[in-house]
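Breakdown of the fold
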Amino acid sequence: MSTLFLAHPEPDGTLAKSALEALSATIQLAASLETPFCVGLVGENPGPAANSIAGCGAARILTVSGAQFSQARYATDAAAAEALCRATAATLVTTPATSRWNRVLPGVAHRLGGHADSHVTGLTVAAGQPSISRWFYRQRMEAVFTRSTRPWLLALEGGIAPVAAVSNRQAQVTAPIENITLTLPATRTQVTGFEAPASDQQTIRPDADLLFVTGAGWTKKQADGTVKVAEAGALILDFLRLSRSSLGSTKSLVDLGGEGQSVLPFLSHLNQIGQTGSTPRHAKGLATCCHGEEPHTVGWRFIGERRAISMDANCGWARGKADILYVADAFAVMAEVNALLAT
Ligand SMILES: Cc1cc2nc3c(=O)[nH]c(=O)nc-3n(C[C@H](O)[C@H](O)[C@H](O)COP(=O)(O)OP(=O)(O)OC[C@H]3O[C@@H](n4cnc5c(N)ncnc54)[C@H](O)[C@@H]3O)c2cc1C
């Protein structure tokens, strides 16, 4: 059994946190299997990244380099991954679950006659055989399973292992870096650039410490008899900007937006937390103007510490769904919190 860890450097030449976490999981896997492992890096100039992890204990470090590999493109990434797998005769292949690797792994597995699994959240070894953990049915059931097909390609989720503590080339004697030359297939796809919203508009931030959830109450008639949607939007966006938290929503609130009403235009179904939404992982969560219904709070099961602000002292949060419930007007509380954060 031999293991190959695949990664691509970031535009600044370094390896991302998710890559170093996946490397650390791979080092642990190889140690448990008592087999050597190799590293394969793909990028325009992966040399500095290879040097930075040269002390990680890999038997071989291979690179595929060149301008064609600077950007994500199926044809070139798949060809590079296939060549690295063949060059190392790897039976297990691990990658960080970046969009770049997630896109090509199934195709590479097909070319090699192997099998790919995505969203891997754990690696274990029993009696010399590797098993993986993976969640199914919207993260309600966790399965631990193995496969006999080889090579077995695994996209490892972020946060499942600590960042690898590896020394660089200067620090110790290390594996040589071998560059593989590929004959590339004709490519029709030209990557002309990325279009992404400005980072301030990017409200879903999986790495944030805090999940901030908005509920339909923000759009309801308030004690003074008026609806204050514009004020609500400003308070929420200010809080996100000041706290860098990730924005979640209840279904009721995003459904209103989907009907074309002018309510909190920055929310979409991608923000929805719950049974029919997502189940994010954050250290803390703060729900505002939401009732704490079971179909919503079921999406909070991986949130470490839960707090809520609701006017209703008898809401779902009060019945055991939150660690702390503030029975208060969220408009007043968040205005005060924003003022404190701004100072
Ligand atoms: C099959 C199924 C699947 C579902 N899946 C999901 C899901 O994935 N996610 C989800 O969220 N829901 C889901 N739902 C809907 C869910 O049951 C609730 O209807 C929904 O979560 C309620 O949204 P809400 O709490 O924002 O709104 P509401 O129930 O209208 O609650 C609004 C709350 O805001 C409070 N409030 C109002 N003004 C203020 C103020 N100024 N300050 C503080 N508090 C205030 C009110 O007291 C009230 O408690 C699902 C339902 C079904 C049937």
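This text follows the structure it describes.
All of the points below concern the structure found in this document.

1. Focus: the sheet that holds strand 6 (residues 129-136)
Sheet architecture is open: 9 strands sit in the order 7-6-5-8-4-1-2-3-9, paired in mixed fashion. Looking at which strands have only one partner, the edges of the open sheet turn out to be strand 7 (141-145) and strand 9 (177-179). Recorded for the sheet is a direction-independent mean angle of 35° between the axes of neighbouring strands. Of the pairings in the sheet, the one linking strand 5 (residues 115-126) to strand 8 (residues 152-156) comprises 4 bridges and is parallel in character. Across the sheet, residue D117 finds its bridge partner in strand 8, namely L154. Contacts from helix 1 (residues 17-33) reach strand 1 (3-7), strand 2 (37-43), strand 4 (92-96), strand 5, strand 6 and strand 8 within the one sheet, and its direction differs from that of strand 4 by about 155°. Of the strands in this sheet, strand 1, strand 2, strand 3 (60-65) and strand 4 are in contact with helix 3 (residues 74-88), which crosses strand 3 at around 155°.

2. Side note on the site of the ligand
Of all residues adjacent to the ligand, which total 30 residues, the nearest are G215, G217, K251, G274 and H296. Taken together, the elements giving at least two residues each to the shell around the ligand come down to helix 6 (251-258), helix 7 (294-297), strand 13 (305-310) and helix 8 (330-342). The element best represented in the shell around the ligand is helix 6, accounting for 3 residues. Here the residues of the shell around the ligand are counted per class, giving 11 nonpolar, 14 polar and 5 charged.

About the criteria used
- Residues numbered from 1 in each chain as written.
- Predicted model: local features only at pLDDT ≥ 70, side-chain atom pairs only at ≥ 80, totals over all residues.
- Pairing = 2+ DSSP bridges.
- Helix = DSSP H or I, 4+ residues; strand = E, 2+ residues; numbered from the N terminus.
- Axes fitted to C-alpha atoms, helices over the stretch in contact; angles between N-to-C directions.
- Contact = placed C-beta atoms within 7 Å.
- Near = placed C-beta within 6 Å.
- Nonpolar A, V, L, I, M, F, W, Y, C, P; charged D, E, K, R; others polar.

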